[in-house]
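Here are the chains, one letter per residue:
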Amino acid sequence: MPGERWETVAEQSVPTYTADTMAYQVATDVRALRAFVSAEALARGLSAERVELLTLAVSELATNTLQHTTGGGWVRLWAEPGQLFCDVVDHGPTRALGRSMPAADAIRGRGLAIVEQICDEVAVLTSPGETVVRIRLTL
């Protein structure tokens, strides 16, 4: 169910299946990133409706990377039986999950809340100099 956070997503630190990646450095890269995520997710069997949700989630996370960190980031996407994973990786600080949606008149702060609402599972993994927001959608 969307919005749930299961521990299984955090148990796996690196993909065990073949992953495709794309880097992004500047805001103009986000359009190509959306196209990459859409094409790769469709090719792995995610329904068109769910591809739209995944693309929105990745776009929100990549935009946060570009607004709040330096050096850009990259996306890693792969499928396992019955599920699709997508990592959005950057060199920024750890993100806090479990946020509520900001008030309607708030100017910022909706990105992570949206991601948590539309994905089946969300986790944050960290290692020295790297933060990974891992999202999972059921195929």
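Our structure is the block above this text.
Bear in mind the structure is a predicted one, so any value in this text is a computation, not a measurement.

Chemist: Any chance you could explain the packing of helix 2 (residues 29-43) against helix 3 (residues 48-68) here in plain terms?
Modeler: Packed helices, taken two at a time, are described by the angle between their axes plus the distance between the axes. It is the contact of helix 2 with helix 3, at a shortest axis distance of 9 Å, that shows an interaxial angle of 145°. The handedness of the crossing between helix 2 and helix 3 comes out as right-handed. Residue-level contacts link Val30, Leu33, Arg34, Val37, Ser38, Ala41 and Leu42 of helix 2 to Ala48, Val51, Leu54, Thr55, Val58, Ser59, Ala62 and Leu66 of helix 3. In terms of residue class, the contact of helix 2 with helix 3 is made up of eleven nonpolar, three polar and one charged.

Chemist: I keep staring at the pairing of strand 4 (residues 121-127) and nothing clicks. Help me out?
Modeler: Of the strand pairs in this sheet, strand 4 and strand 5 (residues 130-138) are connected by seven bridges, and their pairing is antiparallel. The residue of strand 5 that forms the bridge with valine 122 is isoleucine 135. Taken together, strand 4 and the strand that follows it, strand 5, pair antiparallel across an intervening segment of two residues, in which glycine 129 is found at a positive phi of about 75°.

Chemist: Looking at this structure, how should I read the environment of glutamate 40?
Modeler: Within the element layout of this structure, glutamate 40 appears in helix 2. Residues glutamate 40 and tryptophan 78 lie 38 residues apart in sequence; the distance between their C-alpha atoms is 8.3 Å. What glutamate 40 contacts, discounting residues up to four positions off in sequence, is Asp20 and Leu77.

About the thresholds
- Residues numbered from 1 in each chain as written.
- Predicted model: local features only at pLDDT ≥ 70, side-chain atom pairs only at ≥ 80, totals over all residues.
- Heavy atoms only, no water.
- Axes fitted to C-alpha atoms, helices over the stretch in contact; angles between N-to-C directions.
- Helix = DSSP H or I, 4+ residues; strand = E, 2+ residues; numbered from the N terminus.
- Left-handed = near helix turned anticlockwise from the far one by under 90°.
- Contact = heavy atoms within 4.5 Å.
- Nonpolar A, V, L, I, M, F, W, Y, C, P; charged D, E, K, R; others polar.
- Pairing = 2+ DSSP bridges.

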